[in-house]
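What follows is each chain in one-letter form.
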Amino acid sequence: MNKTFKKNIGFLHLWLGLSSGLIVFIVALTGSILVFEDEIDTFVNPEFYKVSTLGTKKLPVDLYVNTIQKKYNITELDRIQTYQDPARTVIISGTDADKKDQIFSVDPYTGKVLASIPEKSRFFSVVLDLHRHLILGEAGKFITGCSCLIFAFMLISGLILWWPKKIKNLKQRLTVKWSASFKRVNWDFHSNFGFYSFLFLLIISLTGLTWSFKWFESGIYLLADGTTKKPSAKVENPTKIDPKLDKTYFYQNIFSKTDSIYKYKGDAQIRIPSDTINSIMVIKLNLEKSIPNISSMAYFDKYTGELLKIKPYESFSRGDKVRRLIYPIHTGSIYGYPTKILAFLVCLFAATLPITGLIIWLGRKKKKK
């Protein structure tokens with residue numbers, strides 16, 4: 001390999017690493033926490049996700065939805081999430097009169113509200129905002145996106161720098177000499193484990209670009225569908241004025257109709273639009289599939305509850321199917337706990353890279369002096 005080329009790569013690797021190190025540390029550390037979000041949150045807040053006693057029959061969701069709206073002054077409903085697991089609570093989210101988003105946990109057998117929390121105060125909402133936006137909104141999203149791009153370059157340039165000049169030196173580059181000095185162990189840990197985690201971290205960093213840059217998501221659709229245009233997930237609502245019909249079991253009927261269309265076992269979520277243009281969308285996750293995030297959709301008139309359209313997973317474009325796989329690939333949930341543990345470990349290791357890299361640089365700087 002050309003010596004000048006490798007020297008230039010080393011220069012870029014160093015200064016890009018120093019400039020983006022803090023962001024990489026934050027994003028990688030929060031990412032490792034988010035890998036086990038469901039497990040941690042359920043363990044810490046069991047009352048929010050599990051009922052204490054299983055009942056014989058679940059109540060229609062409208063009974064406690066109406067109670068929540070009146071008692072907590074919820075002016076707009078956002079989502080109603082039900083689960084196949086009989087021990088799970090129903091999660092309802094909405095906006096109150098003060099324009100604050102609230103999340104409620106309800107016992108589906110008694111209708112009792114077990115817990116409520118402002119969405120922005122939820123621990124994992126803060127962690128996710130830090131992970132994606134650094135709690136800086138759109139500016140933070142752009143910064144994390146650029147850092148992801150830099151990190152992808154750092155991985156490739158690190159591989160070039162790691163690559164031994166001679167094959168006989170390969171064994172040395174594949175092991176950490178734990179008995180050596182701290183300086184040597186630190187270098188081995190940074191470079192050798194960087195090699196082992198290279199492919200996994202590259203996949204995680206590249207898939208993360210989906211949430212930062214529209215052009216990256218458009219690129220997915222261009223490659224899969226031949227067009228950058230993403231199919232719309234919305235369906236226009238045909239009824240423009242609320243006819244004020246009886247809505248005693250409005251949402252429960254929507255859930256029942258969806259279950260009659262998609263007969264597989266799965267969790268279902270009603271998404272209620274805040275505007276008067278779009279219809280209600282129900283997403284039913286297929287728990288019978290081995291790969292996560294495979295869902296089908298049904299659309300209902302937000303005023304009459306009439307079925308407007310069904311969109312089974314099989315009818316999705318190739319681009320939509322690939323896009324739905326991005327999340328489980330990025331979070332490591334694609335093949336359950338084995339890949340989740342792997343994602344957790346490599347993200348945790350990624351958080352150490354800016355630190356070990358800084359130590360290497362400081363050591364060389366001291367040596368030059």
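Here's what I pulled together on the structure shown here. (Residues numbered from 1 in each chain as written. Predicted model: local features only at pLDDT ≥ 70, side-chain atom pairs only at ≥ 80, totals over all residues. Heavy atoms only, no water.)

1. Focus on the environment of P273
So, step 1. Position of P273 relative to the elements: it lies in the loop between β5 (268-271) and β6 (280-285).
So, step 2. Of the residues examined, P273 reaches a relative accessible area of 16% and is grouped as buried.
So, step 3. For the pair P273 and K183, spaced 90 residues apart in the sequence, the C-alpha separation amounts to 57 Å.
So, step 4. Here P273 is in contact with N278, S279, I280 and K302, once residues within four sequence places are set aside. (Helix = DSSP H or I, 4+ residues; strand = E, 2+ residues; numbered from the N terminus. Buried < 20%, exposed > 50% of the residue type's maximum accessible area, 1.4 Å probe, protein only. Contact = heavy atoms within 4.5 Å.)

2. Some thoughts on the side chain of T89
So, step 1. Tracing the backbone shows T89 in the loop between β1 (74-82) and β2 (90-96).
So, step 2. In this structure the side chain of T89 is engaged in a polar contact, spanning 2.8 Å, whose partner is the backbone oxygen of F48.
So, step 3. Here S105 takes part through its side chain, which lies 3.3 Å from a polar atom of the side chain of T89.
So, step 4. Those residues within four positions of T89 in sequence are excluded, and the remaining contacts are E47, F48, Y49, K50, V51, Q81, Y83, S105, V106, P108 and L114. (Polar contact = N/O pair within 3.5 Å; in protein donor to acceptor, adjacent residues only side chain to side chain.)

3. A few points about the pattern of salt bridges
So, step 1. Within this structure, the stated rule accounts for 14 salt bridges.
So, step 2. For K50, the salt bridge goes to D85, with nearest N and O atoms at 3.1 Å. Remark: D85 occurs in the loop between β1 and β2 and K50 occurs in the loop between α3 (46-49) and α4 (61-71); sequence separation between them is 35 residues.
So, step 3. Note that R79 and D78 form a salt bridge whose closest N and O atoms lie 4.0 Å from each other.
So, step 4. What emerges from the salt-bridge pattern is a single network uniting K214, E217, K230 and R323. (Salt bridge = Lys/Arg side-chain N within 4 Å of Asp/Glu carboxyl O.)

4. Let's talk about the sheet that holds β1
So, step 1. Ordered by their spatial adjacency, 8 strands build an open sheet running β4-β3-β2-β1-β5-β6-β7-β8, and the pairing between neighbours is antiparallel. Among the strands making up the open sheet, the edge pair consists of β4 (113-118) and β8 (307-311). Going across the sheet, the axis of each strand differs from the next one's by a mean of 20°, ignoring polarity.
So, step 2. Against the sheet, helix α11 (residues 250-261) makes contact with β1, β5, β6, β7 (295-300) and β8, and its axis sits at roughly 50° relative to β6, the strand it touches most. (Pairing = 2+ DSSP bridges. Axes fitted to C-alpha atoms, helices over the stretch in contact; angles between N-to-C directions.)

5. Brief notes about a nonpolar patch on the surface
So, step 1. Taken together, the side chains of F11, L12, W15, L18, L358 and L362 define a hydrophobic patch exposed on the protein surface, amounting to about 540 Å² of accessible area.
So, step 2. Going through the elements one at a time, α1 (3-35) and α13 (337-368) are the ones with two or more residues in the nonpolar patch.
So, step 3. Examining the composition of the nonpolar patch, we find that 4 residues originate from one element, α1, more than from any other.
So, step 4. As for its placement among the helices and strands, L358 is situated in helix α13.
So, step 5. A relative accessible area of 35% places L358 in the partly exposed class. (Patch = residues over 30% accessible without salt bridge, like charges linked within 9 Å, V, L, I, M, F, W, Y side chains within 5 Å. Areas by Shrake-Rupley, 256 points an atom, 1.4 Å probe, with all protein chains shown as cover.)

6. Looking at the pairing of β7
Each regular strand carries side chains that alternate between the two faces of the sheet.
So, step 1. Counted residue by residue, β7 has 6 buried out of 6 residues, so it is predominantly covered.
So, step 2. In this structure, β6 lies alongside β7, joined through 6 bridges in antiparallel fashion. Across the sheet, residue M281 finds its bridge partner in β7, namely Y299.
So, step 3. Sheet topology places β7 next to β8; 4 bridges connect them, and they run antiparallel. Among the inter-strand pairings, A298 is bridged to a residue of β8, identified as I310.
So, step 4. From the end of β7 to the start of β8, which pair antiparallel, there are 6 residues, and G305 there has a positive phi angle of about 80°.

7. Concerning the packing of aromatic side chains
Both the distance between ring centres and the angle between the ring planes are used here to describe each pair of aromatic rings.
So, step 1. A full pass over the atoms with the stated rule returns 20 aromatic pairs.
So, step 2. On the numbers, 5.3 Å between centres and 20° between planes, the contact of F213 with W215 is stacked.
So, step 3. Given the relative accessible area of 10%, F213 is considered buried.
So, step 4. Three or more aromatic residues link up through ring pairs in this structure, and these residues are W162, W163, F189, F193, F195, Y196 and F349.
So, step 5. Directly above the aromatic system of F316 lies the positively charged group of K311, at a separation of 5.2 Å from the ring centroid. (Phe/Tyr/Trp six-rings, centres within 6.5 Å; stacked < 30°, edge-to-face > 60°. Lys NZ or Arg CZ within 6 Å of the ring centre and 35° of its normal.)

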